[in-house]
Amino acid sequence: MDEGEAVLHIENVCRVFDAFTVPNSLNPLHPLGLVSAFLKSLRIEWRGITKRTSFNNGTSCAGDFIENSATIAVTVRTPDTKPPFTTAAQDGFQFVADPSSTVSNFAQIGHERNGALFS
């Protein structure tokens, strides 16, 4: 954390929900398009230090944070679907993000303390 660097790497997460559209993802009662996707891999690398900030409300929450940038590599596959999950049968697809072109110009990592862990 002192260097402004962190890595999150996960593989083979089987239950990631794909809602197909933004309206579907914002409406938990909308059953259309809720399909369990397979997250083959996700790797996020945070690097650099743009800004350091700290927060403490004095009673229940405190933290030290670093603003920086991140690169993201992700591979996700959705299964083929049939009604009632989609209006018509659909082939699954695979999405692959290239980390050399998938860069966030704002990212944040940090240490937070809250609730029972505050003291």
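Residues numbered from 1 in each chain as written. Predicted model: local features only at pLDDT ≥ 70, side-chain atom pairs only at ≥ 80, totals over all residues. Heavy atoms only, no water.

Regarding its fold elements, the protein chain presents 1 helix and 5 strands. Counted from the first residue to the last, the protein chain has its helices and strands arranged as β-α-β-β-β-β. Looking at the protein chain residue by residue over its 119 residues, the buried ones come to 25%. Considering only contacts within the protein chain whose residues lie at least 6 apart along the sequence, 68% involve residues at least 24 apart. (Helix = DSSP H or I, 4+ residues; strand = E, 2+ residues; numbered from the N terminus. Buried < 20%, exposed > 50% of the residue type's maximum accessible area, 1.4 Å probe, protein only. Contact = heavy atoms within 4.5 Å.)

Right, let's get into the pattern of salt bridges. A complete count under the given rule lists 3 salt bridges for this structure. One salt bridge connects Arg 43 with Glu 45, and the closest N-O pair in it is separated by 2.7 Å. Here Glu 45 makes a salt bridge to Arg 47, at a shortest N to O gap of 3.0 Å. Since its relative accessible area comes to 43%, Arg 47 is described here as partly exposed. If you follow the salt bridges from partner to partner, you end up with Glu 5, Arg 43, Glu 45 and Arg 47 in one network. (Salt bridge = Lys/Arg side-chain N within 4 Å of Asp/Glu carboxyl O.)

Looking now at unusual backbone geometry. Positive phi outside glycine occurs at Asn 12, with the angle close to 55°. Take Asn 12: it is sitting in strand 1 (residues 6-18).

Here we take up the environment of Glu 3. Mapped onto the secondary structure, Glu 3 falls in the segment before strand 1. Residue class for Glu 3 comes out exposed when judged on its relative accessible area of 62%. Glu 3 has contacts with Gly 48 and Ile 49, leaving out every residue within four places of it along the chain.

Time to look at the confidence of the model for the protein chain. Atomic detail in the predicted coordinates should be set aside for any region of low pLDDT. The predicted model of the protein chain has a mean per-residue pLDDT of 82, with 78% of residues at 70 or higher. Per-element confidence in the protein chain is highest for strand 3 (residues 61-77), whose mean pLDDT is 92, and lowest for helix 1 (residues 22-26), whose mean pLDDT is 68. (pLDDT = per-residue confidence, 0-100.)

The subject of this paragraph is the nonpolar core. Residues Ala 37, Leu 39, Leu 42, Ile 44, Trp 46, Ile 66, Ala 70, Val 74, Val 76, Ala 97, Ala 107 and Ile 109 constitute the largest nonpolar core, which totals 12 residues. Put simply, the parts of the chain that give this core at least two residues each are strand 2 (35-56), strand 3 and strand 5 (103-114). The leading source of residues in this core is strand 2, at 5 residues. (Core = buried A, V, L, I, M, F, W, Y, C linked by side-chain atoms within 4.5 Å.)

For the rest of this paragraph, the subject is the side chain of Thr 75. In this structure, Thr 75 sits in strand 3. When near neighbours in sequence (up to four residues on either side) are disregarded, Thr 75 contacts Phe 38, Leu 39, Lys 40, Ser 41, Gln 94, Phe 95 and Val 96.

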